[in-house]
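# Results of the structural survey
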Amino acid sequence: MSLARVVTFTGVSSDRIEELKREMDEGEQPEGLNPSEMFVLHDPDSSEAVAILFFDSDEDYQRGHEVLDAMPAPETPGQRTAVKRYDVAIRRSR
């Protein structure tokens, strides 16, 4: 069963989103982080964002959660307001 780590943020500017895109395109992901997919949703009007990372196993989720939880605040999109774990009940792509 796949798992999702869903994190909400406030204080996320459009400039910060562009900076994160560049960093992801140019760099490597942190060691121990092994998501199968990642989405970042951004509402520029409210400066809020939601990051959703999918993991294929509980072990991958736990390792990824530890890596992300230890990430220094300047490396995150904004200020974390919530972190939740979900079972992926339905997953569909076109």
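Higher on the page you've got the structure.
The text that follows walks through the structure, step by step, so that each part is easy to find.

The rules behind the values
Residues numbered from 1 in each chain as written. Predicted model: local features only at pLDDT ≥ 70, side-chain atom pairs only at ≥ 80, totals over all residues. Heavy atoms only, no water. Helix = DSSP H or I, 4+ residues; strand = E, 2+ residues; numbered from the N terminus. Polar contact = N/O pair within 3.5 Å; in protein donor to acceptor, adjacent residues only side chain to side chain. Contact = heavy atoms within 4.5 Å. Patch = residues over 30% accessible without salt bridge, like charges linked within 9 Å, V, L, I, M, F, W, Y side chains within 5 Å. Areas by Shrake-Rupley, 256 points an atom, 1.4 Å probe, with all protein chains shown as cover. Salt bridge = Lys/Arg side-chain N within 4 Å of Asp/Glu carboxyl O. Buried < 20%, exposed > 50% of the residue type's maximum accessible area, 1.4 Å probe, protein only. Core = buried A, V, L, I, M, F, W, Y, C linked by side-chain atoms within 4.5 Å. Pairing = 2+ DSSP bridges. Axes fitted to C-alpha atoms, helices over the stretch in contact; angles between N-to-C directions. Expected span 1.5 Å × (residues − 1). Arc of directions from axis to C-beta.

Attention shifts here to the side chain of Ser2. Within the secondary structure layout, Ser2 lies in the segment before β1 (3-10). Looking at Ser2, its side chain comes within polar contact range of the side chain of Arg91, at 3.4 Å. Other than its neighbours up to four places away in sequence, Ser2 contacts Phe55, Asp56, Tyr86, Asp87, Val88 and Arg91.

Moving on, we come to a nonpolar patch on the surface. Nonpolar side chains collect at one region of the surface, where Met24, Met38 and Val40 lie side by side and expose about 260 Å² of accessible area between them. Considering the arrangement of structural elements, one finds Val40 in strand β2 (residues 37-43). When its relative accessible area of 38% is taken as the criterion, Val40 is described as partly exposed.

With that out of the way, let us pick up the nonpolar core. Phe9, Val12, Leu33, Leu53, Phe55 and Leu68 are the most contacted members of the largest nonpolar core, which totals 14 residues. At the level of secondary structure, the elements contributing two or more residues to this core comprise β1, β3 (48-55) and α2 (58-69). Sort the elements by how many residues they give to this core and β3 lands first, with four residues. Contacts of Phe9, omitting those with residues within four sequence positions, involve Ser47, Glu48, Ala49, Ala51, Thr76, Pro77, Gly78, Gln79, Arg80 and Thr81.

Before going further, it helps to examine the sheet that holds β1. If you walk across this open sheet you meet the four strands as β2-β3-β1-β4, and the pairing is antiparallel. What marks the edges here is a single partner per strand, and that holds for β2 and β4 (79-87). Ignoring which end each strand starts from, the neighbouring axes of this sheet average 15° apart.

This paragraph deals with helix α1 (residues 14-26). Helix length check: α1 (13 residues) gives 19 Å between terminal C-alpha atoms against 18 Å at 1.5 Å per residue, within 8%. All of the buried residues along α1 are Arg16, Ile17 and Leu20. Along the axis of α1, the buried residues cluster in a sector spanning 100°; they form a single face. Turned more than 90 degrees away from the buried face of α1 sit Asp15, Asp25 and Glu26, all of them exposed. Where α1 is buried, its residues contact β2.

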